[in-house]
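Chain and residue survey
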Amino acid sequence: MTTNENKFQEIISHAKEYGFVFPSSEIYDGLSAVYDYGPYGSELKKNIRDYWWKSMTQMHENIVGIDAAIFMHPTTWKASGHVDNFSDPMIDNRDSNKRYRVDHLIEGLADKLKEAGKTKEADDLIAEMDRLLAADDFSALKELIAANNIVCSISGTGNWTDIRQFNLMFSTQLGSVAEEADTIYLRPETAQGIFVNFLNVQKTSRMRIPFGIAQTGKAFRNEIVARQFIFRMREFEQMEMQFFVRPGTEGDWYKYWKEARLQWHLSLGTSPEKYRYHDHVKLAHYAKEACDIEFEFPIGFKEVEGIHSRSDFDLSQHQLYSKKKMQYFDNDVDPATGKPFGNYIPYVVETSIGLDRMFLLILSESYEEETLTKEDGSTDKRVVLHIPAKIAPVKLAILPLVKKDGLPEIAREIMNDCKPHFRCFYEEKDAIGKRYRRQDAIGTPFCVTIDHQTKEDQTVTIRYRDSMQQERVPLSTVRDVVLKNIS
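Notes on the structure in this doc start here. (Residues numbered from 1 in each chain as written. Predicted model: local features only at pLDDT ≥ 70, side-chain atom pairs only at ≥ 80, totals over all residues. Heavy atoms only, no water.)

Thoughts on the side chain of Asn93
- Summarising the element assignment, Asn93 is placed in the loop between β4 (87–92) and β5 (99–101).
- On the basis of relative accessible area, Asn93 is assigned to the buried category, the value being 0%.
- Within the structure, the side chain of Asn93 is placed 2.9 Å from the side chain of Ser155, a separation counted as a polar contact.
- Look past the residues within four positions of Asn93 in its chain and what remains in contact with it is Lys98, Cys152, Ser155, Thr157, Gly158, Asn159 and Trp160. (Helix = DSSP H or I, 4+ residues; strand = E, 2+ residues; numbered from the N terminus. Buried < 20%, exposed > 50% of the residue type's maximum accessible area, 1.4 Å probe, protein only. Polar contact = N/O pair within 3.5 Å; in protein donor to acceptor, adjacent residues only side chain to side chain. Contact = heavy atoms within 4.5 Å.)

Structure, rendered in structure tokens:
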């Protein structure tokens, strides 16, 4: 196991131990690829969601939000192409009966080649896989697997079935009597709720092209090979924005949002060298252009966000299947003709980010094991999460030095002053050093200690998580110090 894989396992263990992520239904031995977010995880997840939502809807005057239902009319998914096209190439091993995604099998070999220093061979293998996937050449893909002696991790054999497509949508029934029920689907993405509400939103919010509609919410995919902790799950949350533009301008808007979304990531203080763009070789059935923003996790570069130029595919399809016009009247003057642009179906540029993946990105980037040297020359370790202060689950820990002499009362006054403005944590138990370590482990950027000097001069000690530096400040300024640093 490589050092990075070790770090990934350490992050998983830390996430459970400190209340960020738990295996779902753990008392019943869990449910594969399904997870629950604990007290600090749910807070961090909410903060990431809120930060994205504010950046989209509050900071852009021409983007509004909706919250569409998870259940949608089944024809929605026929129109969108998901019934016919939302599938992954799968292959089974006859000896172990284990099913694999074809791209995961080949990517696994490429990772091993890179670890062995054979970077060119790995890149060539991935390039060939991308070419064959783009052509839907399943027989050649199977030959590629055989030629590279890729075997099942359980049986150790290469006794493979033919490759076939597997639809990823969960289906269920809507109705009180099973025999009379209609088959509907749990949505595999949140975008279609935006498209079917395009006219409702445009008219009620009086939006003019170009404008966007943002949404966050749960989506569901029957991933056969769900893996890598919360990176790939069967129930997950998306943050999507569909930006509606005049036909012919989609190329410029695609470039704009490609850059704007990367800048949003970097605004969280993440290392720029850990990001890269990956342009799609095989485009989705709706896409004109597409790229991924990838981040270097401990398990390698992986997709976090996708930017797609969807042309007018979605609105045109819903117009075709619903028999309802999905057109926009544009009375701006076309410079080429001197006349209004008139009626047209808008083109769409999409930004789609996985909230769970962004959560894992923050954990991966912020997790650190530090070795500290004490004054006597001995060493100590601390585990710290350098989570950006503006999205940290807890912003301020308030720690009276002892549980007597009026110190808890002063601490409670600070707590009551601060908690309407940001999330605080109060604790009296244990030595102050242990309390600092616990706050480091959950990523709390500031700790305030109330001691006996506080009663004399109305000052407290504020400790900064990342530097561990401490300074005395007037207790009346604690709230402003934190607000300044998290704004």
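That shown, we press on.
Section: empty space enclosed by the protein
- Evaluated as defined, the whole model comprises one cavity of 30 Å³ or more.
- For the largest cavity, the calculated volume is near 30 Å³.
- What lines the largest cavity is Ile11, His14, Ala15, Leu363, Tyr367 and Leu385.
- Per-element accounting of the lining of the largest cavity gives the leading share, three residues, to helix α1 (residues 3–17).
- Grouping the amino acids of the lining of the largest cavity by side-chain chemistry returns five nonpolar, one polar and no charged. (1 Å grid on protein atoms, 1.4 Å probe; cavity = no way out; pocket = protein on both sides within 12 Å on 5 of 7 lines; lining within 4 Å. Points joined across faces, edges and corners; volume = space filled by probe spheres on them. Nonpolar A, V, L, I, M, F, W, Y, C, P; charged D, E, K, R; others polar.)

What to know about the layout of surface pockets
- By volume, the second largest pocket amounts to about 350 Å³.
- Taken together, the elements giving at least two residues each to the lining of the second largest pocket come down to α2 (39–58) and α10 (250–266).
- Residue composition of the lining of the second largest pocket, by class: five nonpolar, five polar and five charged.

From the geometry alone we can't say anything about function, so treat these as descriptive.
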